[in-house]
Structures are given as C-alpha cells and as structure tokens.
Amino acid sequence: MNDVLVIGGGPAGVSAAVYAARAGLTVTLVYKDGGALAKAERVDNYYGLYSTSGTDMFDKGIAQAQAVGVTMVQGEVVKLSQDEAGAVFAADITGTAQVQARAVVLATGSARAVPPIEGLAAFERKGVSYCAVCDGFFFRGKDVAVLGNGAYALSEAQELLPLAGSVTVLTNGAEPIVDFPDPIKIVTDKIQAVTGEKTVAGVTLESGETIAAAGVFVAVGTAGGSQLAMKLGAFINDESVVTDDHGRTSIAGLWAAGDCTAGVKQIARAVQEGMAAGMENVGNFFFQLLFVASGGNLLVQSTLYGLGYEVELADLAITVLPVSIVALLWATTYYYLKDRRLRKKYYGDGKEES
Ligand SMILES: Cc1cc2nc3c(=O)[nH]c(=O)nc-3n(C[C@H](O)[C@H](O)[C@H](O)COP(=O)(O)OP(=O)(O)OC[C@H]3O[C@@H](n4cnc5c(N)ncnc54)[C@H](O)[C@@H]3O)c2cc1C
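The structure contained in this document is the topic of the report that follows. Just so you know, these numbers come straight off a predicted model, no measurement behind them.

Below, the discussion takes up the sheet that holds strand β11 (residues 191–196). Taking strand neighbours across the sheet as the criterion, the 3 strands line up as β11-β12-β13 in an open arrangement whose pairing is antiparallel. Unpaired on one side and paired on the other, β11 and β13 (210–212) mark the two borders of the sheet. Neighbouring strand axes in the sheet, compared pairwise and without regard to direction, differ in orientation by 25° on average. Summarising the sheet, strand β12 (residues 200–205) and β13 pair through 3 bridges and their orientation is antiparallel. Following the sheet pairing, Val 203 is matched in β13 by Ile 211.

Following the sequence through the fold, Thr 96 ends up in the loop between β5 (89–93) and β6 (99–106). Placed 23 residues apart in sequence, Thr 96 and Val 73 show a C-alpha to C-alpha distance of 8.3 Å.

Within this structure, the stated rule accounts for 8 salt bridges. With its nearest N and O atoms 3.4 Å apart, the salt bridge here joins Glu 159 to Lys 79. With Glu 159 in helix α4 (residues 151–160) and Lys 79 in strand β4 (residues 77–82), the pair connects residues that are 80 residues apart, well separated along the chain. Of the charged contacts, one joins Arg 248 and Asp 244 as a salt bridge, the two residues approaching to 2.8 Å between their closest N and O atoms. The same class applies to Arg 248 and to Asp 244, which are both buried.

What follows covers the pairing of strand β3 (residues 71–74). In terms of strand pairing, strand β2 (residues 27–31) meets β3 through 4 bridges, oriented parallel. Following the sheet pairing, Val 30 is matched in β3 by Val 73. At this point the chain moves from β2, through helix α2 (residues 54–67), to the parallel β3, and the crossover so formed is right-handed.

Here the largest pocket defines a volume of roughly 850 Å³. Gly 35, Ala 36, Thr 108, Gly 109 and Ser 110 are, among the 42 residues lining the largest pocket, the residues nearest its centre. Elements represented by at least two residues in the lining of the largest pocket include exactly α1 (11–22), β2 and α6 (267–306). Its residues assigned to classes, the lining of the largest pocket shows 20 nonpolar, 15 polar and 7 charged.

Taking strand neighbours across the sheet as the criterion, the 5 strands line up as β7-β14-β8-β9-β10 in an open arrangement whose pairing is parallel. What marks the edges here is a single partner per strand, and that holds for β7 (128–129) and β10 (185–187). In terms of strand pairing, strand β8 (residues 143–147) meets strand β14 (residues 215–218) through 4 bridges, oriented parallel. Residue pairing in the sheet places Val 146 in a bridge with Phe 217 of β14. Sheet contacts for α4: β8, β9 (166–170) and β14; angle to β8, the most-contacted strand, approximately 165°.

Turning to the site of the ligand, a few remarks are in order. Not every one of the 32 residues close to the ligand is listed here, only the nearest: Asp 33, Asn 45, Val 77, Ala 223 and Asp 259. A distance of 2.9 Å is found between a nitrogen atom of the ligand and a backbone nitrogen or oxygen belonging to Ala 223. Lys 265 has a polar backbone atom sitting 3.5 Å from an oxygen atom of the ligand. Within the complex, the protein chains bury 85% of what would otherwise be the 1000 Å² of accessible surface of the ligand. According to the grid-proximity analysis, the pocket containing the ligand is the largest pocket. Every element with two or more residues in the shell around the ligand is listed here: α1, β2 and α6. Taken together, the residues of the shell around the ligand break down into 14 nonpolar, 11 polar and 7 charged.

What counts as what
- Residues numbered from 1 in each chain as written.
- Predicted model: local features only at pLDDT ≥ 70, side-chain atom pairs only at ≥ 80, totals over all residues.
- Heavy atoms only, no water.
- Pairing = 2+ DSSP bridges.
- Helix = DSSP H or I, 4+ residues; strand = E, 2+ residues; numbered from the N terminus.
- Axes fitted to C-alpha atoms, helices over the stretch in contact; angles between N-to-C directions.
- Salt bridge = Lys/Arg side-chain N within 4 Å of Asp/Glu carboxyl O.
- Buried < 20%, exposed > 50% of the residue type's maximum accessible area, 1.4 Å probe, protein only.
- Right-handed = clockwise from strand over helix to strand, strands pointing away.
- 1 Å grid on protein atoms, 1.4 Å probe; cavity = no way out; pocket = protein on both sides within 12 Å on 5 of 7 lines; lining within 4 Å.
- Points joined across faces, edges and corners; volume = space filled by probe spheres on them.
- Nonpolar A, V, L, I, M, F, W, Y, C, P; charged D, E, K, R; others polar.
- Contact = heavy atoms within 4.5 Å.
- Near = heavy atom within 4 Å.
- Polar contact = N/O pair within 3.5 Å; in protein donor to acceptor, adjacent residues only side chain to side chain.
- Areas by Shrake-Rupley, 256 points an atom, 1.4 Å probe, with all protein chains shown as cover.
- Sits in = over half its atoms within 2 Å of the grid points.

Okay, structure coming up:
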C-alpha cells in the first residue's frame, strides 16, 4: 500500500511526488503522457531556465521523481474509488494492476475534452453527464450512450452496464482504440447533434439515423482531474477541482494541484501547488501516525489494566491521554474549518446549500 498516489507527471504531479518521497513517504506516480508541457515548444519564464523545450522539462521531471525513489507507472487512470471507510483509495490503471494508497494528489492538468457537438452543452444535467458512477443510477433500465473511443469510455460503459437497459458507445468518427465487449454496442458514425425536448431523447448521426438514448455520458480522451474527483463526490466548479489554499479538496485525503484547479495555468503555479500538496501529505501522514500510535497505546494500556496487569494509570494519563485529546481536537477543528472554507468557496458567501 502506498502512502500517496500522484496522478499526473507534469510540474504539479512531479513536485508533489518529490516532496512527499523525500520526506520518507512511499509514493507512486502514474502518468499517461507529457501533458501540457509536451505542447510547449519553448519555455522562457520559469526561474533559472531559458529557452527550454517543454518536452525536455517533462523528461527531466520524470527522471527527477525516479531518482528520489518515486515508483513510476506509465498508464491511464480510468477509475478512482475509495473504500467504505474512506481510508483507502484505489486507482484502476490501463495495462497494470490496481494501485492503492492512503492519499491521492490529482495533478492531471487542464480541463476535460468536450467535443463541439450540437446540443451537448445545452443538455448538461438534462441527460448529458460526465460521470457514470455519479449519474448512472438515474438511467436504470434506460438506453444510454457513451461518447468516446478509448479506455476511459470502456470504463464508463462498464460502470453503466449493470444499470442501463442498453449501452451504445459512439466514437463520433474515430476508430475504437480498445475492445468494447458484448453487450456494449459500437457506432462509429459521425454525430450531428444530441437531441430531445426538455431532456435528452437521442443522438442523431450524420447519416440521418437516430440512436435512442435517455442519457449521454461524455468520456472522450482521458479522465481529467475533475472527472476523477467527481466520482468521489468532491466539489467541482467550472470544470476545475475546488481546493483550499493548501490544495485540499472537499474529500479527506484527496488533494489537487496545478492546471486541474482554478487559476493561472503556468508552470510556476503548478510547481508551487504540487509542493504544497506534497508537504501537506507529509504533515497529514505523521499526524495520523501520532494519532494512531497514541490511540493504540492507550487501548493496549487500558486492556492490560482491564486484564488485571499493573499499569501506572497516572503516567498513562500524563503521557498518552493529552496527546490523544490534542490530536482529536486538532483533527476535528482541521476538518471542520477545511469543510467550511471549501463550502464557502463552492457555494459562495452566505449561500450555504439549501
Ligand atoms: C502550448 C503551451 C505552451 C505553454 N507555455 C508555457 C510557458 O512558456 N510558461 C509556463 O509557465 N507555462 C506554459 N504553459 C502552461 C504549462 O505547460 C502548464 O501550466 C503546466 O504544464 C501545468 O502543469 P500540470 O502538472 O498541472 O499539468 P500537465 O503538465 O498538463 O500534466 C498533466 C499530467 O497528467 C497526466 N494525466 C492526465 N489525466 C490522466 C489520467 N487519467 N491518468 C494518468 N495520467 C493522467 C498527463 O498525462 C500529464 O502527465 C504552456 C502550455 C501550453 C499548452
């Protein structure tokens, strides 16, 4: 089990991984490709570097993370989930076994891919969805369509299969790049529009044919940070993951950094946010250790006492109890304040959800 799983190999992800790994945590970083840096031909405005190519920066970042002991996995995270207690995260990654961690840093770069298809934006939340695990339930027994042609589309289609009446993957003219098993249907024709009255009723193809669908799930390209966060129930705003100043999301143990959060899309900010998330993880981890150790000690000593062994209760009270109480108070205040800050940021001043 990893202490931290970082999703993304750009400036934000590598910074988070490097800070956490150098502080002694076990870190796995999974990345699909070079992200935004791979598109930056020349970078002139990062401290100490001039006329550097984005690809060179990316390669050096990957090598740097490797050098400080981060386990590197090249693959695409198609699903992120949590156990019932919310203590362990699990990431399904293409081409490799599931990776588990106590904490996750989302550093997946810029927003999700939304194809320019007529009706898609207009029917958002009226049948068009970006999250099968969140909204699949509303389409029980109904025909649904998934937009996409890769591993992420397959994962979303599989999530919908047990619920929906039928699942059709629409590739919008692209070739499928993974195998979509039965009973998932595949339609490769170009799409003309998502249609319906008040809610989605179907998808019209350029051929004139209409595929009946009460829901259209967009899963084009790779799952972005907001899509992965959404599946866990974290706050999203305008396609960005909502975080506080330390990169914490509304889900305990889930951080986000860099271009997948709101703000200026620059390397310097991504590095700073990655560093903050990495360092926060370290603090959080050692706090948890302290809490578990002191709580565990208290339990052991009390059990021994209960079994009739001689335990100096006075010593116990002086050492273990205050630590446990302080840790408990700290944890309660920490999560209360964080939740309040995030709610205020998400819902706006004085407008708690009603
Ligand atoms: C053309 C261009 C030029 C630019 N020029 C400059 C410049 O001169 N100066 C500057 O400061 N900034 C520049 N930028 C912006 C800068 O590149 C970004 O702000 C920065 O790279 C953001 O870092 P990041 O780590 O948040 O995301 P990214 O660098 O985009 O990295 C995202 C990482 O996440 C991975 N990922 C995403 N989803 C998944 C998934 N589901 N599973 C696994 N991995 C996933 C990607 O493969 C990638 O490794 C430029 C951007 C572009 C596009």
